Amino acid sequence: SQKIEQNSEALNIQEGKTATLTCNYTNYSPAYLQWYRQDPGRGPVFLLLIRENEKEKRKERLKVTFDTTLKQSLFHITASQPADSATYLCALDPPSSGGSYIPTFGRGTSLIVHP
Amino acid sequence: DSGVTQTPKHLITATGQRVTLRCSPRSGDLSVYWYQQSLDQGLQFLIHYYNGEERAKGNILERFSAQQFPDLHSELNLSSLELGDSALYFCASSVYGTSTSEQYFGPGTRLTVT
């Protein structure tokens, strides 16, 4: 079955530095991969989607890379701010036996940006 | 504000009871997804509806059921509640039917079973 791995340990960085989060997956070749942000007790918020034929995608201070050979996506936040502190989830949608797609989220990595 | 609304915000009930959670998608979105999130399980997909039809099922228990109505709002029914059903329940909506991308999540319903 599909497995998504994100670092369970919190990432602590200083304000102004670049945060890099990792998402690894197995048993599947996705057409795209997504990243969401989740604050405690709130619903996830969609950030970025990157397709299999895209090596890199950017949105403001966010950058996502997608290496289908390594089965890995990296999520970068440049010039990080304390307000970036949250849990970041990656998501895939492997197909089910019935042909539909099953949205599957990683457990997320907590990012803590210190002022 | 994602545009997705969920009611109630909090729900406290006893074991063995039945509850209904309600979700209204963003205007124009035809897909509604339901998820359960507990501390030890992460975000677990339950079920997906698109324009009133069930599209995909995740690890949804037989005690749970859902439907999407003609006005596109959705309800998740949880019955014979157990302590382990205590969790945050999210719904999400999307304009897409076959792709699960770009989901917009509601604020969630926190269910506590005592």
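Definitions and limits used
Residues numbered from 1 in each chain as written. Chains lettered and ligands numbered in written order. Predicted model: local features only at pLDDT ≥ 70, side-chain atom pairs only at ≥ 80, totals over all residues. Heavy atoms only, no water. Helix = DSSP H or I, 4+ residues; strand = E, 2+ residues; numbered from the N terminus. Rg over C-alpha atoms; globule rule 2.2 N^0.38 Å. Buried < 20%, exposed > 50% of the residue type's maximum accessible area, 1.4 Å probe, protein only. Contact = heavy atoms within 4.5 Å. Disulfide = S-S within 2.5 Å.

**Q** What is the right way to read the overall build of chain A from this model?
**A** Assigned secondary structure in chain A consists of 0 helices and 11 strands. For chain A, the α and β elements follow one another from N to C terminus as β-β-β-β-β-β-β-β-β-β-β. Scaling as 2.2 N^0.38, a compact globule of 115 residues should have a C-alpha radius of gyration of about 13 Å, and chain A matches this with 14 Å. Along the three orthogonal principal directions, the C-alpha set of chain A runs to about 50 × 30 × 20 Å. Counting only residues that meet the buried cut, chain A has 44% of its 115 residues in that class. Within chain A, contacts between residues at least 6 apart in sequence are counted, and of these 52% link residues at least 24 apart.

**Q** Got a minute to help me understand the state of the cysteines in this structure?
**A** As used here, a disulfide is simply a covalent bond connecting the sulfur atoms of two cysteines. Residue and element names in this part refer to chain A. Evaluated as defined, the whole model comprises 2 disulfides over all chains. Paired by a disulfide, C23 and C90 hold their sulfur atoms 1.9 Å apart. Since a negative S-S torsion denotes a left-handed disulfide, the C23-C90 link at about 55 degrees is right-handed. Note that C23 is positioned in strand β3 (residues 19–26) and C90 in strand β9 (residues 86–92), a separation of 67 residues in sequence. Each member of the pair, C23 together with C90, is buried.

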